[in-house]
Amino acid sequence: LPLLLKATLLRLASGSYRPFYNGFYYNHIMNDNDDGQDKVDYFNGAKLVVETSKDPVYSYNGANVTLPCHYRYEPDMGPKRKIRIKWSKLRDDYTKEQDVMVAIGKTYMAFGDFKGRAHIHQASRHEASLVISDVRLKDDGKYRCEVIDGLEDESDVVDLRLQGIVFPYQPPRGQYRLNFHEAERVCQDQGAILANFNQLFQAWSEGLDWCNAGWLADGTVQYPIRLPRKPCGGVHLAPGIRSYGPRHRHLHRFDAFCFSSALKGEVFYLDRPSGMTLEEAKQSCQDAGAEIARVGQLYSAWKFLGLDRCNAGWLADGSVRYPIATPRANCGPAEPGVRSFGFPSKGRFGVFCYKER
């Protein structure tokens, strides 16, 4: 070891090695030509700064949205070599990332569900904004904008939030029959996805009060309480989101909290003097060039389009419901909402249909 140390010091003392720069000194870095030759990169004293929107960016299902991201150098050192831009979608706990796209100059590549829907918007010299077309429900979440210039790598995070509505869902079999994966499927079947905590919290702040526990997208089980009461955690607990924490995704069974956003089409009501069976209702929607509406579509039409109908109608899952925007006599409780008759095995009702615009 002493001989090796002595030999190293002698080599450093020789003229074959550059003196250390008083900034950062990097050695043994492959050059861009990948020809096996090492290059030495010196830090030039300019600091790379990346900034995104500090406030959430709001959008809705089917829209186009731009997530702003800009970068700069302090001090500005003039034109730089081509930088790399990488966008990724984060989990709420920041433990996992999903690649969205990467870009170098005008060349870019989008990944997964973002193929054909994502590109970089560069209207100004130091812009790295992300444009997402035809926004989908699962696009809601946090996104990281990362700018890479040689050895410098800086990033910032922007929050994309979809304007939507959270609704509790129980299947025809009754309360607490869904494991996590079944809850995911029933929400998708109703034109929705499992809600995340932020979406449930927003719904609670807008008045959602539901005493049955349901799955959320992160695998936790929670429920929102506005009016504390004995069966719902006790009268002495403050209003808020009650949590069971993470549950076993296969073994444990609860209800589901689903999230739906604005519609690309319209929901309308059809009826006959004698009403319709479920099968007749489905056929009536098809005859009208539409399809029988899903639960998420009815909630969205009520929330965003003000759909108000004091007549019960079939939906695709076999439930019978009706939306009330303006409460009135003989139309249920005094609060606006979507009323439910459950899943009747018999009976004749109208039907809510959905048609794309």
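Residues numbered from 1 in each chain as written. Predicted model: local features only at pLDDT ≥ 70, side-chain atom pairs only at ≥ 80, totals over all residues. Heavy atoms only, no water.

Going by what an unreviewed UniProt entry lists, the protein is known as HPLN3 protein and is assigned to Falcunculus frontatus. The Sequence similarities (unreviewed entry) field of the UniProt record for the protein holds the comment "Belongs to the HAPLN family." Quoted straight from UniProt, the Subcellular location (unreviewed entry) entry for the protein says "Secreted, Extracellular space, Extracellular matrix". (UniProt positions renumbered as here; feature names shortened; annotations may be inferred.)

*Asks:* Go over the pattern of salt bridges, please, and point to the residues and values.
*Replies:* Evaluation of the coordinates by the stated rule reveals 16 salt bridges. In this structure, Glu206 and Lys303 form a salt bridge, with 3.2 Å as the shortest nitrogen-oxygen distance. Taken together, the residues Glu206 in the loop between helix H3 (197-205) and strand E16 (214-215) and Lys303 in helix H5 (residues 295-305) connect sequence positions 97 residues apart. With relative accessibility at 35%, the residue Lys303 sits in the partly exposed group. A salt bridge links Asp317 to Arg321, with the nearest nitrogen and oxygen atoms 3.7 Å apart. Owing to a relative accessible area of 7%, Arg321 belongs among the buried residues under this scheme. The network of salt bridges with common partners includes Glu51, Arg72 and Glu74. (Salt bridge = Lys/Arg side-chain N within 4 Å of Asp/Glu carboxyl O. Helix = DSSP H or I, 4+ residues; strand = E, 2+ residues; numbered from the N terminus. Buried < 20%, exposed > 50% of the residue type's maximum accessible area, 1.4 Å probe, protein only.)

*Asks:* Mind laying out the environment of Trp314, listing which residues take part and the relevant values?
*Replies:* Looking at the secondary structure, you find Trp314 in strand E22 (residues 313-314). Sequence separation between Trp314 and Cys353 is 39 residues, and the spatial gap between their C-alpha atoms is 8.9 Å. Among the polar contacts listed, one links the side chain of Trp314 to the backbone oxygen of Met276, at a separation of 2.8 Å. (Polar contact = N/O pair within 3.5 Å; in protein donor to acceptor, adjacent residues only side chain to side chain.)

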